[in-house]
Amino acid sequence: DTESDDFVAYLDPYHDHRSGNYFGLNAAGTRYDGVYHNDSWSDDSWDGVWQGAISRDENGWCAEFRIPFSQLRFNLQSPVVWGINFKRYISRSAERNLLSFTPKNESGFISRFWHLVGMEDIAPSHYVELLPYARGKAAYLIHDAGDPFNRASDYSAAAGADLKMGVGSSLVLNATVNPDFGQVEVDPAVVNLSDVESFYEEKRPFFIEGSKTFEFGYGGASDYWGFNWSSPDFFYSRRLGRAPQGGLPDYDYAKVPEGANIIGAAKLTGKLNGNWNVGSLHAVTSLEHADIEYGGERSEVQVEPLTYYSVTRAQKEIRDGFRGIGGIVTATHRFFDDQSLKADINSDAFVGGVDGWSFLDQNKTYVLTGWGGMSHVQGSTERMIALQRSSRHYFQRPDAAHVEVDSSATSLSGYGGRLLLNKEKGNVLLNVGLGALSPGFDVNDLGFMYRTDLLNSHFGGGYQWTKPTKWTRYANCLIALYGSSDFGGHVTGTGFWSSVRANFLNYYGGQISVGGSPKTTNITRTRGGPRTTNPPGIELSANAYSDSRKPWVFNLGSYGYMVSSSNWNRGVWASVEWKAASNISLSLSPEISWNHGLQWVDSFEDPLATETYGSRYVFAKIRQTELSSSLRMNWTFTPRLSLQLYAQPLISSGKYTQFKELARPNSYNFRRYPSEYVHFSNGTYTIDPDGSGPAQFFEFSQPNFDYRSVRGNVILRWEYLPGSTLYFVWTHGRSDSEDRGRFNVERSLDRLFVADSDNIVLVKATYWVSL
């Protein structure tokens, strides 16, 4: 996405006033495309095969588009009517000219398109596209000298194919066999000290293209606010090909697959009867084994069963999008050869939901959006006990009267839902939400969610100044009140948030946000233990940015949350982009953060700890400093040949001091262990909680850490024929760790420089065939 003059053609081939395609050319002849959904939400993951060219002379420039009917799905009707719009962007004045525009104090985009008429005797092409690929890879990976499974170098080759086929007049079938995604950007490194899973964006082309068809819970409203609320994703495509979930027995050396191989996947998407958006995806991942060696003996262990996944989505638009109703069903079924895996992985999972929206007035000013869903997970009793005790549920909490672990259960069920009211037009803003996730709700076999046992609401609004003033081009002021509780009635979060934002006449801008929360209850800090409290706190954040049209573009921001002078976290971030030439840009985005507060260490059973239900919940004061950055270079040699570089260095250090235990439930009081009760030797802490008293000592490993890494890749992409691409990819990674707990940039860089590294070189060629 570059700052340049461009011209865009927008089409609504279904003429449903809610979805469409766009095709863009900039003044250098570089092409880009994508799709629209929900009237105004764009998605650039769609990759059509079309042609475009430009010409320049003393009077300006011209753009010419050649878009085959085979790339578009539309309904058979007479007369043929599509929606159409055009946009010209003039960079030097940041001016956007559209055939049909959306006022700044209103919403909607596709629904405002003009009608394209005059096309007769046309029909969607019954096309078939094949995209076979061949790939060669050389991997030079770090390995232990005595490791029998890993070598200094490994060479492999693979082949597969994608299929795209028109089905009827308005559906598209996509299929892939033995897919390879070696050309995608690597995931960033993360130091996760929490009890929840890290979320990573989907980057694999087969899954991101058309993914909005399967998006659930959104529609109608253009804006969704949330405070202490994270909507569950009913379909999280990175579950397909995920890392194996099975545990390993004792071993000296092991070789575990990076992910379950996707044998094949297919999806059917499109529109039926002019107002039904439909999508159905099915995939199979293979049975995976790990090779282990223990005591000189080698064996093979199953770590992931053969698994079938499916997701089906349908949504009906009523009265040109005035109302809508839809549903989704997902299923996961695993075929176990090794029955011991049933203790580690769910056997079956089913999720279903209904969503929809309705505008409350003829002018489409107010819209009510909502969804409701249910989940049902099955597995062995051992697996269901582990699931109930997992960080998403914590049924074992000793002071939670509304949940408990059922040791005989072979399934877990739950429900969730949310309602949201949004004001779509006018200078006065309004957004109200109410949601619930029951304790047993779980979509993580094919979806993603952080927490359950949540009742949540917010009331927000504000005012926006859309007409330029003496100082600003646009400004707004927002404020919201929010509250959360669990199903036991304990208030887990409440407070206020406010924000002021302004875009100035010189195209600079910024935002300041302030929030605060009173004392509340924390049901997860002890990770399955009793409740604690959150002391009152205040948060503050601010950011500013410069004119994006200039050769140098700057962004700067800061954020922080403070409970007391000894309990706080804050961070500062920046981004700098240098447009070295019209076809070269470099950007650097450093961030440094500090976390000084309470950090979980571990829990230890002790029948003498009667105040805390027979266990000691141990914490420490942490002083964590983390410095990271992302470096990007985009070099476009020609509209068909480009080079992209991405690199992420990371340095993170954490020091644990002042070990203590929770003094009593439903408090923020901790009993600090005197120094004479704490002993450290050979990387292990030994703590006698009551000195010479009757309590038994307990041990845990040194929790301090110093982690540093660099990871990234370089991708040369050449579209040598329309739709056919050749990739050259180099992926590099190196890391180093210690347990000193001392943040030192110079030492970290020195150790990284001499650390061993992983290097993967890949060549991949695809060839597009239209039949």
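Numbering of residues starts from 1 in every chain and runs along the sequence as written. Predicted model: local features are reported for residues with pLDDT of at least 70 only, side-chain atom pairs are reported and counted for 80 or more only, and whole-chain, interface and lining totals are derived from all residues. Hydrogens and water are ignored here; the side-chain numbers use all heavy atoms of the structure.

Undergrad: For the overall build of the chain, give the residues involved together with the corresponding values.
TA: Scanning the chain from N- to C-terminus turns up three helices and 43 strands. Compactness check: the chain gives a C-alpha radius of gyration of 28 Å against a globular reference of 28 Å for 771 residues, within 12% of the reference. The principal-axis extent of the C-alpha atoms belonging to the chain is close to 90 × 60 × 55 Å. Type-normalised accessible area, obtained with a 1.4 Å probe on protein chains alone, sets the label of each residue: buried when under 20%, exposed when over 50%, and partly exposed for intermediate values. Burial status across the chain gives 47% buried among its 771 residues. A fraction of 63% describes how many contacts in the chain between residues 6 or more apart in sequence connect residues 24 or more apart. Surface exposure of the chain reaches about 36,400 Å², of which carbon and sulfur atoms provide 55%. The way it works is that DSSP assigns letters per residue, a run of H or I at least four long becomes a helix, a run of E at least two long becomes a strand, and they are numbered from the N terminus. Only the C-alpha atoms count toward the radius of gyration. The rule for a globule is 2.2 Å times the residue count to the power 0.38. In this analysis, two residues are considered to be in contact whenever any of their non-hydrogen atoms come within 4.5 Å of each other. Accessibility throughout is a Shrake-Rupley quantity obtained with a 1.4 Å probe, and a residue counts as covered only by protein chains that appear here.

Undergrad: Give a description of the sheet that holds strand β16 (residues 288-294) that names residues and reports values.
TA: Overall, antiparallel pairing links the three strands, which are arranged β13-β16-β17 in an open sheet. Of all the strands in the sheet, just β13 (253-255) and β17 (297-304) have a single pairing partner and so form its edges. The sheet shows a mean angle of 25 degrees between the axes of neighbouring strands, taken without regard to direction. Only strands joined by at least two bridges in the DSSP assignment are considered to pair. Sheet topology note: the β13/β16 ladder contains three bridges and is antiparallel. Looking at β16, one finds that A254 is bridged to I292. Each axis is a line fitted through C-alpha atoms, and for a helix only the stretch in contact is used; angles between axes span 0 to 180 degrees, taken between their N-to-C directions.

Undergrad: Report on the sheet that holds strand β38 (residues 684-687), specifying residues and quantitative values.
TA: Taken in spatial order, the three strands line up as β37-β38-β39 in an open sheet, and their pairing is antiparallel. Looking at the sheet topology across the chains shown, the edges are occupied by β37 (678-681) and β39 (698-701). Strand after strand, the sheet turns through a mean of 25 degrees between neighbouring axes, direction not considered. As defined by bridge partners, β38 adjoins β39 across four bridges and the pair is classed as antiparallel. Of the residues in β39, the one forming a bridge with T684 is S701.

Undergrad: Please give an account of the nonpolar core that cites residues and values.
TA: For soluble globular proteins, nonpolar side chains are generally found buried alongside one another. The term nonpolar core refers to a set of buried residues drawn from Ala, Val, Leu, Ile, Met, Phe, Trp, Tyr and Cys, joined through side-chain atoms within 4.5 Å. Within the largest apolar cluster, 25 residues are counted, with the highest numbers of intra-cluster contacts made by F207, F234, L240, L281, V311 and L437. Every residue in contact with F234, bar those within four places of it in the chain, is listed here: F216, I328, T330, V351, G352, G353, W371, G373, F441, L446 and G447.

Undergrad: So what's going on with the environment of L762? Residues and values would help.
TA: With respect to the secondary-structure elements, L762 resides in strand β42 (residues 757-766). Distance in space between the C-alpha atoms of L762 and L588 is 26 Å, their sequence separation being 174 residues.

Undergrad: I'd like a description of empty space enclosed by the protein, backed by residues and values.
TA: The method works on a 1 Å grid over the protein atoms by themselves. A cavity is a set of points holding a 1.4 Å probe that cannot get out, a pocket is an open set with protein on both sides within 12 Å along at least five of seven lines, and residues with an atom within 4 Å of a point line them. Grid points are joined across faces, edges and corners, and a volume is the space filled by probe spheres set on the points. Using the criterion set out here, one finds three cavities of 30 Å³ or more in the structure. Computed from the structure, the largest cavity encloses a volume of approximately 820 Å³. Along the wall of the largest cavity there are 39 residues; nearest its centre are Y14, S19, V35, Y36 and T213. Listed by contribution, the elements that provide at least two residues to the lining of the largest cavity are β2 (20-26), β3 (31-37), β4 (41-43), β12 (171-177), β14 (262-272), β15 (276-285) and β18 (306-318). Per-element tally for the lining of the largest cavity: the top contributor is β14, with four residues. When its residues are assigned to classes, the lining of the largest cavity shows 12 nonpolar, 15 polar and 12 charged. Gly counts as polar in this scheme, as do all residues outside two lists: the nonpolar Ala, Val, Leu, Ile, Met, Phe, Trp, Tyr, Cys and Pro, and the charged Asp, Glu, Lys and Arg.

Undergrad: Explain the pairing of strand β30 (residues 537-545) to me, using residue names and the numbers behind them.
TA: Sheet topology places strand β27 (residues 509-517) next to β30; nine bridges connect them, and they run antiparallel. Following the sheet pairing, S517 is matched in β30 by G537. Bridge count for β30 against strand β31 (residues 552-564) is eight bridges, and the pairing is antiparallel. Bridging from a neighbouring strand, Y545 pairs with N555 of β31. Hairpin connection of β30 to β31: six residues between the antiparallel strands.

Undergrad: Can you lay out the pattern of salt bridges for me, pointing to particular residues and giving the numbers?
TA: Salt bridges are defined as contacts in which a side-chain nitrogen from Lys or Arg sits within 4 Å of a carboxyl oxygen from Asp or Glu. Applying the stated criterion to the full structure yields 34 salt bridges. Among the salt bridges present, the one from D445 reaches R334, with a minimum N-O distance of 2.8 Å. Linking D445 in the loop between β23 (428-437) and β24 (454-465) with R334 in strand β19 (residues 323-335), this pair joins segments that are 111 residues apart in sequence. Overall, D445 belongs to the buried group, its relative accessible area being 6%. What makes R334 buried here is its relative accessible area of 3%. Residues D486 and R397 are paired through a salt bridge, measuring 3.9 Å at the closest nitrogen-oxygen approach. Of this pair, D486 sits in the loop between β25 (472-485) and β26 (491-504) while R397 sits in the loop between α2 (381-388) and β22 (411-423); the two residues are 89 residues apart in sequence, bridging distant segments of the chain.

Undergrad: Please give an account of a nonpolar patch on the surface that cites residues and values.
TA: Taken together, the side chains of L360, Y366, L368, L419 and L434 make up a nonpolar region of the molecular surface, amounting to roughly 460 Å² of accessible area. Structurally, L419 is set in strand β22. For patch building, the residue pool is restricted to those with more than 30% relative accessible area and no salt bridge; the joining distance is 9 Å between like charges and 5 Å between nonpolar side chains (Val, Leu, Ile, Met, Phe, Trp, Tyr).

Undergrad: Before we move on, can you summarise the packing of aromatic side chains with the specific residues and values?
TA: Here the distance between the centres and the angle between the planes together describe a pair of aromatic rings. Between 30 and 60 degrees the pair is tilted, below 30 it is stacked and above 60 it is edge-to-face, where a pair is any two Phe, Tyr or Trp rings, Trp via its six-membered ring, whose centres lie within 6.5 Å. Scanning the model with the defined rule gives 51 aromatic pairs in all. Put simply, the rings of F604, F659, Y673, F680, Y685, F698 and F700 touch in pairs and so form one group of aromatic residues. Two conditions define a charge located above a ring, namely a distance within 6 Å from the ring centre to NZ of Lys or CZ of Arg, and an angle within 35 degrees of the ring normal. Here R319 stacks its cationic end above the ring of F322, 4.2 Å away from the centre of that ring. Here the basic side chain of R549 rests over the ring of Y507, its NZ or CZ set 4.1 Å away from the ring centre.

Undergrad: Break down unusual backbone geometry for me, with residues and values.
TA: Within the chain, Y613 stands out as a residue other than glycine whose phi angle is a positive 60 degrees. Structurally, Y613 is set in the loop between β33 (584-605) and β34 (615-638). Residue class for Y613 comes out partly exposed when judged on its relative accessible area of 44%. One non-glycine residue, N666, adopts positive backbone phi at about 55 degrees. Among the structural elements, N666 can be located in the loop between β35 (641-662) and β36 (670-672).

Undergrad: Could you give an account of α2, with specific residues and numbers?
TA: Listing the buried residues of α2 in full gives R383, M384, L387 and Q388. One face of α2 carries all of its buried residues, which in axial projection span an arc of 135 degrees. Those residues of α2 that are buried are in contact with β21 (366-378) and β22. Of all possible arcs, the one meant is that of the directions from the helix axis to the C-beta atoms.

Undergrad: Got a sec to walk through the pairing of strand β6 (residues 60-66)? Specific residues and values, please.
TA: Taken together, the seven bridges between strand β5 (residues 51-57) and β6 define a ladder with antiparallel strand orientation. Paired with A53 across the two strands is E64, which belongs to β6. Hairpin connection from β5 to β6: two residues lie between these consecutive antiparallel strands.

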